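Residue-level structural notes
Listed here are the chains, written in short residue letters.
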Amino acid sequence: MEINSKLKRTAVDALLTALSLIIFILEAQIPSPVPVPGIKLGLANIITLVAVSLIGKRDAGIILLLRIILGSVFAGTPVSFIYSMAGGICCYLVICLFYRFLNGNRLWALSVFGAAAHNLGQLVVASFIMGSTAVFWYIPALLLSAIITGTFTGLCACFTINRIKKGVIRK
Amino acid sequence: MQNNNAGASSRPSNKLLIIIISAAAVICTAVLLLFRFVPFGGNVAVISQNGKELYRIDLDKVSEAYTIDLGGNVVLVENGAVSMQSADCPDKLCVRQGKIKNGSHPIICLPNRVEIKIENDGEKDVTDAVVG
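Residues numbered from 1 in each chain as written. Chains lettered and ligands numbered in written order. Predicted model: local features only at pLDDT ≥ 70, side-chain atom pairs only at ≥ 80, totals over all residues. Heavy atoms only, no water.

1. Examining the nonpolar core
This is how the line gets drawn: What makes a nonpolar core is a set of buried Ala, Val, Leu, Ile, Met, Phe, Trp, Tyr and Cys residues whose side-chain atoms join them at distances within 4.5 Å. Whether a residue is buried, partly exposed or exposed follows from its accessible area with a 1.4 Å probe, protein chains only, as a fraction of its type maximum: under 20%, in between, or over 50%, in that order. Helix and strand definitions follow DSSP, with helices as H or I runs of at least four residues and strands as E runs of at least two, each counted in order from the N terminus. The criterion used for residue contact is that any of the two residues' heavy atoms lie within 4.5 Å.
Of all hydrophobic cores here, the largest spans 37 residues; its most connected members are A:Leu16, A:Val50, A:Ile55, A:Leu107 and A:Leu110. Mapped by element, the contributors of at least two residues to this core are α1 (6-28), α2 (45-54), α3 (57-75), α4 (78-98), α5 (107-130) and α6 (139-165) of chain A together with α1 (14-37) of chain B. Sort the elements by how many residues they give to this core and α2(A) lands first, with 7 residues. With residues up to four places along the chain from it excluded, the contact list for A:Leu107 reads A:Leu49, A:Ser53, A:Tyr99, A:Leu102, A:Gly154, A:Ala157, A:Cys158 and A:Ile161.

2. Thoughts on α2(A)
Residues and elements named next belong to chain A. Counting buried positions along α2 yields 9 of 10 residues, so the element is predominantly enclosed. Burial in α2 covers these residues: Asn45, Ile46, Ile47, Thr48, Leu49, Val50, Ala51, Val52 and Leu54. Buried residues along α2 sit in contact with α1, α3, α4, α5 and α6. Downstream of α2 by one or two residues, Gly56 has phi in the positive range, about 105 degrees.

3. Quick look at the sheet that holds strand β5 (residues 81-87) of chain B
Residue and element names in this part refer to chain B. Rule in force here: Whether two strands pair depends on DSSP finding at least two bridges between them. An axis is simply a line fitted to the C-alpha atoms; with a helix, the fit covers only the stretch in contact. Between two such axes, the angle follows the N-to-C directions and lies from 0 to 180 degrees.
Spatial ordering of the open sheet is given by β3-β4-β5, a layout of 3 strands whose pairing is antiparallel. Whereas interior strands pair on both sides, the edge strands pair on one side only; in this sheet they are β3 (66-69) and β5. Averaged over all adjacent pairs, the angle separating strand axes in this sheet is 25 degrees, with direction ignored. Bridge analysis of strand β4 (residues 73-78) against β5 gives 6 bridges, and the strand direction is antiparallel.

4. With respect to the environment of A:Gly56
Secondary-structure assignment places A:Gly56 in the loop between α2 and α3. Sequence-wise, A:Gly56 and A:Leu97 are 41 residues apart; in three dimensions their C-alpha atoms are separated by 13 Å.

5. Regarding α1(B)
Three or four residues apart is the spacing at which side chains of an α-helix point the same way, because the helix has 3.6 residues per turn. Where we set the bar: Helix span, as expected, comes to 1.5 Å for every residue beyond the first.
Between its first and last C-alpha atoms α1(B) spans 34 Å; for 24 residues at 1.5 Å apiece the expected length is 34 Å, and the two agree. Within α1(B) the residues assigned to the buried category are B:Leu17, B:Ile21, B:Ala25, B:Cys28 and B:Phe35. Along its buried surface, α1(B) packs onto α5 and α6 of chain A.

6. Here we look at the environment of A:Leu110
All names here are of chain A. Considering the arrangement of structural elements, one finds Leu110 in helix α5. Note on Leu110: relative accessible area 0%, which makes it buried. C-alpha of Leu110 to C-alpha of Phe152: the two residues are 42 residues apart in sequence and 12 Å apart in space. Dropping the residues within four chain positions of it, Leu110 is found in contact with Leu49, Val94, Ile95, Phe98, Tyr99 and Leu102.

7. Thoughts on the pattern of salt bridges
The condition is simple: What makes a salt bridge here is a side-chain nitrogen of Lys or Arg within 4 Å of a carboxyl oxygen of Asp or Glu, nothing more.
A full pass over the atoms with the stated rule returns 7 salt bridges over all chains. When the shortest N-O distance is used, the salt bridge between A:Arg9 and A:Asp59 registers 2.8 Å. Here A:Asp59 lies in helix α3 and A:Arg9 lies in helix α1, a separation of 50 residues in the sequence. Residue A:Asp59 is classed as buried on the basis of its relative accessible area, which comes to 7%. Its salt-bridge partner being B:Arg56, residue B:Glu53 comes within 2.8 Å of it at the nearest N-O pair. B:Arg56 gets classed as partly exposed once you look at its relative accessible area, which sits at 43%. A network of salt bridges, in which partner residues are shared, links B:Glu53, B:Arg56, B:Glu115, B:Lys117 and B:Glu119.

8. As for the sheet that holds strand β2 (residues 52-58) of chain B
Residues and elements named next belong to chain B. Sheet architecture is open: 4 strands sit in the order β2-β1-β7-β6, paired in antiparallel fashion. Here the strands that pair on one side only, and so sit at the sheet edges, are β2 and β6 (107-109). Ignoring which end each strand starts from, the neighbouring axes of this sheet average 15 degrees apart. Sheet topology note: the strand β1 (residues 44-49)/strand β7 (residues 114-119) ladder contains 6 bridges and is antiparallel.

9. Comments concerning a nonpolar patch on the surface
Formally: Each patch is assembled from residues with relative accessible area greater than 30% and no salt bridge, linking like charges that lie within 9 Å and nonpolar side chains (Val, Leu, Ile, Met, Phe, Trp, Tyr) that lie within 5 Å. Here the accessible surface of atoms and residues is derived via Shrake-Rupley with a 1.4 Å probe, and residues count as covered only by protein chains that are part of the display.
Taken together, the side chains of A:Ile62, A:Leu65, A:Leu66, A:Ile69, A:Leu70, A:Val73 and A:Phe74 present a nonpolar region at the surface, about 600 Å² in accessible area. The topology assignment puts A:Leu65 in helix α3.

10. Things to note about the confidence of the model for chain B
Note the cut-off: Known as pLDDT, the predictor's confidence for each residue is given on a scale from 0 to 100.
A residue-level look at chain B finds 83% of positions with pLDDT of 70 or above and a mean pLDDT of 80. Segment residues 1-7 of chain B: pLDDT under 50, and 10 contacts once partners within four positions in sequence are set aside and those in other chains are kept.

Written out as structure tokens, the structure is:
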């Protein structure tokens, strides 16, 4: 997927932002199956992984940032914005850092590391907001959930990328 | 596929990644089960809000169950156990965590910044436990 013109780039970024926003808002309606704060599927991360793989880290960062801001406006609170931002930045940094080792069919592992960074980042913010270190008891639960949901979203991203590369979606 | 590309030697193989991540999953599960089922001891419920300790209750000395209203949250104190009875937050995760006792992991209500944990009652109880 070559993006030559500025216009095309803007359109693709806008499209992916809109997609991730829809996924994010839909996912927010699903009640959590486990009584641990912070556990969720993280489906919007599929878009981040697709964007990093197909259009580059810079645009993926812009899409993620826009999605977090817009997502908090439409389906969040000021506090949830802080959590999303912390998780999003940690996840993005880890994805950028490890992308060159874990691209292609290793993307599921990149997704797991991103999800783990997201959850741990949120946990650090939670401990600041709560003024307590008790939240760190959730580390094993959150890491386990990051492994499961990260693998799932990572595989979703792999399948999506392969389809786009084959030109199924381009037309 | 991509794994035949140049620079493959510097990248971990998929098999290695599966082993590492599965091992991490097993360790996390083990630690979770440890937290859930191994009693760490402790009989004092400490209830805090906004990082400030509000109540310190010896659960062994509670004869009749009672509730504490913290504004948004209602804490149920019973003999040997403590739980969140109700909360005004939308997800109610703290209520669904059920009762805690014996120093298992804390109940935390993130939206209302309420925390309930079980602690040991200082050194006195440790000696008692050893003597008893």
